[in-house]
Amino acid sequence: QKMPPSLPATINIREPRWDQSTFQGRAKHFFMVTDPRNLLLSGATLEEARRVVEDYRAGTVHPGLTEDQLWRAKYIYDSAFHPDTGEKMLLVGRMSAQVPMNMTITGCMLTFYRTTPAVLFWQWVNQSFNAIVNYTNRSGDAPITPGQLGTAYVSATTGAVVTALGLKSLTKHLPAIIGRYVPFAAVAAANCINIPLMRQRELKLGIPVTDENGNRLGESTAAAQKAIFQVVVSRIGMAAPAMAIPPVIMNMLEKRAFLKRYPYLNAPLQVGLVGLCLVFATPLCCALFPQKSSMPVSSLEPEVQDQIRKKDPWLEIVYFNKGL
């Protein structure tokens, strides 16, 4: 029996497998990145994926390795190890934990929204989870100090709680369905506070901008502003279906005899509906904007434009990593 031909060492596994200039390609990539099944992989499987990826990048191709196996190893490696430091990431902070964690927290926020202590508790839980995610997926180029992390955490939690309690008091005399949307408004407000604060270093000092081939041209605060805006929009979009669709369904179900007879099914039903929305909303909203985003040189700060023109007078577009 003939051995399969050896895999060439020229496949670029530093980039995603699918074309990232199309929404479809980005969606396929993020369905892999956010797959919750990656959380169930054993330590041995993760280490094997790390070995395959690191050896391949160093020019060593394992005998019998197929292209599909290589890409599978790459996505397992990316799901568990930090792209800049190579450290194994905290389990609950990984992108593959987004659906199960958000499903549980959001489901509980939508279920227990009627009392002030419940609003306080679940908004605090949600922002604690967001802080872990933001810390775990931090950029190696712009590390977050404990002080920045603490400021962002306290500010986002306070913003979410104040928004939730303020809206809750305003909706007392409005139809019940309006009250169900208070958690979403609080989460949207918290995202608008949390993400810019977590990435304040980028807003002050800028993020690296490169040419098409990845050659670094300088740091731009204008690129940082665009990147952070895109991430805020993606995060709010991610939360929207999970926090907008289940309340309508639950409002209808609560009027029926079934939920009145079995009230303990309220929370599991809510969590299940949220999970169903998140399985699709998380990767599709991550895919709204390319990970490797771009902007015209003319939109950068004048000093950065001058810096780039000295290196390449004809360059029109620069690229940057928007983050997640």
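Named according to an unreviewed UniProt entry, the protein chain is Sidoreflexin originating from Atrichornis clamosus. For the record of the protein chain, the UniProt heading Subcellular location (unreviewed entry) holds the text "Mitochondrion membrane". Quoted verbatim from the Sequence similarities (unreviewed entry) field of the UniProt record, the comment on the protein chain reads "Belongs to the sideroflexin family."

**Q** Before we move on, can you summarise the packing of aromatic side chains with the specific residues and values?
**A** Each aromatic ring pair is summarised here by two numbers: the centre-to-centre distance and the angle between the ring planes. According to the stated counting rule, one finds four aromatic pairs in the structure shown. One aromatic cluster in this structure is built from Phe121, Trp122 and Trp124. The residue whose ring lies beneath Lys74 is Tyr75, and the NZ or CZ to ring-centre distance is 5.6 Å. Directly above the aromatic system of Tyr319 lies the positively charged group of Lys292, at a separation of 5.3 Å from the ring centroid.

**Q** Tell me about the domain arrangement of the protein chain, residues and numbers included.
**A** Domain boundaries in the protein chain define domain 1 (23–88) and domain 2 (95–321). Here the C-alpha centre of domain 2 lies 25 Å away from the C-alpha centre of domain 1. Taken residue by residue, the interface counts 15 residues in domain 1 and 22 residues in domain 2. Roughly 1,400 Å² of surface becomes buried between domain 1 and domain 2 when both sides are summed, with 69% attributable to carbon and sulfur atoms. Where domain 1 packs against domain 2, one counts zero salt bridges.

**Q** How would you summarise the UniProt feature "transmembrane region" (unreviewed entry) in the protein chain if you had to cite specific residues and measurements?
**A** As recorded in UniProt, the sites labelled "transmembrane region" (unreviewed entry) are residues 227–249 and 269–289. Secondary structure across residues 227–249 divides into 100% helix and 0% strand, with the first and last C-alpha atoms of the span separated by 35 Å. The distance from the first to the last C-alpha atom of residues 269–289 is 32 Å, and the span holds 86% helix and 0% strand.

**Q** Please give an account of the nonpolar core that cites residues and values.
**A** Counting 25 residues, the largest nonpolar core has Leu7, Ile11, Ile13, Tyr56 and Leu70 as its most contacted members. Those elements giving two or more residues to this core turn out to be α1 (23–33), α2 (43–57), α3 (67–80) and α12 (266–286). Top contributing element to this core by residue count: α3, with seven residues. Residue assignment places this core across two domains, with domain 1 (23–88) and domain 2 (95–321) each supplying three or more. Excluding residues within four positions of it along the chain, Ile11 makes contact with Tyr56, Glu67, Leu70 and Trp71. Listed in part, the 16 residues of the second largest apolar core include Leu110, Val133, Ala242 and Leu278.

**Q** Break down the state of the cysteines for me, citing the residues and quoting the values.
**A** Counted according to the given criterion, the structure contains zero disulfides. The thiol of Cys277 is unpaired, and the distance to the nearest cysteine sulfur, on Cys285, comes to 11 Å. Using a relative accessible area of 16% as the deciding quantity, one classes Cys277 as buried. We note that Cys285 lacks a disulfide partner, and the nearest cysteine sulfur, in Cys286, lies 7.7 Å from it. By relative accessible area, which is 11% here, Cys285 ends up buried.

**Q** Hey, could you go over the pattern of salt bridges for me, with residue numbers and the actual values?
**A** Following the criterion strictly, the structure yields seven salt bridges and no others. Linking Arg17 and Asp68 is a salt bridge whose minimum nitrogen-to-oxygen distance equals 2.7 Å. Taken together, the positions of Arg17 in the segment before α1 and Asp68 in helix α3 put the pair 51 residues apart, joining distant regions of the chain. Shared partners join several salt bridges into a network, and the residues in it are Glu47, Arg50 and Glu54.

Reading the values: the criteria
Per chain, the residues get numbers from 1 upward, laid out in the order the sequence is written. Local features are withheld for residues below a pLDDT of 70 in this predicted model, meaning they are given only at 70 or higher, and side-chain atom pairs are given and counted only at 80 or more; totals for whole chains, interfaces and linings count all residues. Hydrogens are left out, water is left out, and the side-chain values use all remaining heavy atoms of the structure. UniProt positions are given in the numbering used here, feature names are shortened, and annotations may be inferred rather than shown by experiment. Ring pairs shown here join Phe, Tyr and Trp side chains whose ring centres sit within 6.5 Å, with only the six-membered ring taken for Trp; geometry is labelled stacked below 30 degrees between planes, edge-to-face above 60, and tilted in between. Charges are assigned to positions over rings by a cutoff of 6 Å between ring centre and Lys NZ or Arg CZ, combined with an angular limit of 35 degrees from the ring normal. Source of the domain bounds: an automatic or database domain assignment. Working rule for contacts: check all heavy atoms of both residues, and any pair within 4.5 Å makes them a contact. Each of two parts loses accessible area, computed with a 1.4 Å probe, when they are put together; buried area is these two losses added. The term salt bridge refers to a side-chain nitrogen of Lys or Arg lying within 4 Å of a carboxyl oxygen of Asp or Glu. Comment: elements are numbered from the N terminus, with helices defined as DSSP H or I runs of at least four residues and strands as E runs of at least two. As used in this record, nonpolar core signifies buried Ala, Val, Leu, Ile, Met, Phe, Trp, Tyr and Cys residues forming a set joined through side-chain atoms within 4.5 Å. Residue burial is assigned from relative accessible area. The probe radius is 1.4 Å, only protein chains are included, and a residue is buried under 20% of its type maximum, exposed over 50%, and partly exposed in between. Cysteine sulfur atoms are paired as a disulfide whenever they come within 2.5 Å of each other.

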